[in-house]
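# Architecture and fold: a report
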Amino acid sequence: MDRPTPQLGTQNDTLVPRILAFLVDSLVVGIAATVLVVVVGLVSESLAGVVGGLAGIGALAYFIYLEGTYGQTLGKRVLGIVVVTEDGGDCDLKAAAIRNLLRIVDALPFLYLIGIVLIFVTDDGQRLGDILGNTVVVRTQ
């Protein structure tokens, strides 16, 4: 998977693709976690419980690794969007970690309300994770 070429200046036109990409990624991560828990559960129910409990860490790692290495998750690739730095450079693992760890705050109080409100009120369509990670989400060329 290569890093796509960002189409700078499109950060205010990505809300719907961001939401749909998150749904695609949630489905991918959910299916992978379910398959893993079921397979491990065939060997040990108690170990399956541990694996299921670690699924959240795996999901976080999925977002951090893919965005920090390629600028996009599978969902973002399907929807034609990419994470870049505010100046258009490649998103690195540090920026990806910051933006994804702050998903917890962006998701409050429910349904990503803080994140969506911030996307509407910030000049560059950024949620809190983007602001603190110095990133924007733009369309690909």
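## What about the pairing of strand 3 (residues 135-140)?
Burial runs high along strand 3: 5 of the 6 residues are buried. Sheet analysis places strand 1 (residues 6-7) next to strand 3, joined by 2 bridges and oriented antiparallel. Bridged to Gln7 within strand 3 is Arg139.

## Section: the sheet that holds strand 2 (residues 81-85)
Strand order in the open sheet formed by 3 strands is 1-3-2, and the pairing between neighbours is antiparallel. The sheet is open, and its two borders are formed by strand 1 and strand 2, each paired with just one other strand. Pairing of strand 2 with strand 3 involves 5 bridges; the strand directions are antiparallel. Counted as the bridge partner of Thr85 is Thr135 from strand 3.

## Considering the environment of Val117
By secondary structure assignment, the location of Val117 is in helix 7 (residues 113-121). Its relative accessible area of 43% is what places Val117 among the partly exposed residues. Sequence separation of Val117 and Lys94 is 23 residues, and the distance between their C-alpha atoms is 24 Å.

## A few points about the nonpolar core
In terms of nonpolar packing, the biggest core is built from 8 residues, these being Ala21, Ile64, Ile81, Val83, Cys91, Ala95, Ala96 and Val137. Elements supplying a minimum of two residues to this core: strand 2 and helix 5 (93-101). Leave out the neighbours within four places in its chain, and Ala21 touches Gly75, Lys76, Leu79 and Ile81. In terms of nonpolar packing, the next biggest core, distinct from the first, is built from 5 residues, Ala59, Tyr62, Phe63 and Leu66 among them.

## Quick word on the pairing of strand 2
Of all 5 residues making up strand 2, 5 are buried, and the element is well covered by its neighbours. Residues Ile81, Val83 and Thr85 of strand 2 are buried on one face, and the alternating residues Val82 and Val84, pointing to the opposite face, are buried as well.

About the criteria used
- Residues numbered from 1 in each chain as written.
- Predicted model: local features only at pLDDT ≥ 70, side-chain atom pairs only at ≥ 80, totals over all residues.
- Heavy atoms only, no water.
- Buried < 20%, exposed > 50% of the residue type's maximum accessible area, 1.4 Å probe, protein only.
- Helix = DSSP H or I, 4+ residues; strand = E, 2+ residues; numbered from the N terminus.
- Pairing = 2+ DSSP bridges.
- Core = buried A, V, L, I, M, F, W, Y, C linked by side-chain atoms within 4.5 Å.
- Contact = heavy atoms within 4.5 Å.

Functional significance is not addressed by these values, which are geometric in nature.
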